[in-house]
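A closer look at the structure
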Amino acid sequence: MDILIVEDEPLAVQKLVKLLNQTDPTCRVLGATDGIESTVDWLKSHALPDLILMDIELSDGQSFEIFNLISIDCPVVFTTSYDESAVKSFQTNRFEYLLKPIKKDELEQVLTRYKQDRSPKITSADIDELVDDLRKQNRQPEFRSQFLARKQQRLVSVDAADVAFFYAKEGVTYLYSRDKNRYVVEYTLDALEEFLEPTRFFRINDQFIVELRAVSRIHSYLNGQFKINLESGGIVQDIVVSPDRTREFKEWIGR
């Protein structure tokens, strides 16, 4: 089975490829795209795969928009972190989905179904119905996309997509950007947890909230804990995940 992965998180792509290999070694990943534009370009320039595993939240918007730009004549399975009440919309509209973190047995069931029977294509009208249903349920939380931060005496707006991690020390919370800048923000880490999208950000201990793409490597540590390499603008720090957050971290990182 030839598969296209549509996912904007490199670690999530690696995990999904590994899971596919473990589940069915005959699966062949033809490519991985990270956004609406790149996915449309890929589909225009390649033969259709047997199956597309498509994340909903992409680097340049929601993947639903893809169906307004190009007709996709192959089965699509959405991968999502939506809560289970919102997932009812997928069931009502008869869309196939996998909840993140993706479990091996659920992936195996999906692959088996699509080997036996190719589902009808998804149209833009189908997607419109799904999106309307999701909006009616009002299940999609709105997370902060910009942060007002201070660098010396200057106030700047920092996009959430540019954040590598937040760090708290001696009553001050710092925002470290992906390009190695450090800012001060007027929020505690407790407050930030309410503003940040949980699929992208995770509080690993009392001092750090990290963004998924800033985690460059993960190491085993004492007593089943993890130590991570946290990268910002080429600078790497070793940070230990708090013991009481280890299980949730494993689920978040998808391991």
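Quick look at the structure, then. Quick caveat: nothing in here was measured; it's all calculated off a predicted structure.

**Brief notes about the nonpolar core**
Core analysis: the biggest nonpolar cluster contains 25 residues, and Ile-52, Met-54, Phe-64, Ile-66, Phe-67, Ile-72 and Phe-78 have the highest contact counts within it. Not counting residues up to four positions away in its chain, the partners in contact with Phe-78 are Met-54, Ile-56, Ser-63, Phe-64, Phe-67, Phe-90, Phe-95, Glu-96, Tyr-97, Leu-98, Ile-122 and Ile-127. In terms of nonpolar packing, the next biggest core, distinct from the first, is built from 23 residues, Ala-164, Val-184, Phe-202 and Phe-208 among them.

**Some points on the sheet that holds strand β2 (residues 28–33)**
The parallel open sheet is built from 5 strands, whose spatial order is β2-β1-β3-β6-β7. The sheet terminates laterally at β2 and β7 (97–99), the two strands that pair on one side only. Averaged over all neighbouring strand pairs, the angle between strand axes comes to 20 degrees, with direction disregarded. Each of β1 (2–6), β2 and β3 (51–55) touches helix α1 (residues 10–23); the most contacted strand, β1, lies at about 160 degrees to it.

**A word on the environment of Leu-53**
Among the structural elements, Leu-53 can be located in strand β3. For Leu-53, a relative accessible area of 1% puts it in the buried group. Through-space distance from the C-alpha of Leu-53 to that of Tyr-97 is 8.8 Å; in sequence the pair is 44 residues apart. Dropping the residues within four chain positions of it, Leu-53 is found in contact with Ile-3, Leu-4, Ile-5, Val-6, Leu-16, Leu-20, Val-77, Leu-98 and Leu-107.

Criteria and thresholds
- Residues numbered from 1 in each chain as written.
- Predicted model: local features only at pLDDT ≥ 70, side-chain atom pairs only at ≥ 80, totals over all residues.
- Heavy atoms only, no water.
- Core = buried A, V, L, I, M, F, W, Y, C linked by side-chain atoms within 4.5 Å.
- Buried < 20%, exposed > 50% of the residue type's maximum accessible area, 1.4 Å probe, protein only.
- Contact = heavy atoms within 4.5 Å.
- Pairing = 2+ DSSP bridges.
- Helix = DSSP H or I, 4+ residues; strand = E, 2+ residues; numbered from the N terminus.
- Axes fitted to C-alpha atoms, helices over the stretch in contact; angles between N-to-C directions.

Fair warning: the whole summary comes from geometry, so function is off the table for now.
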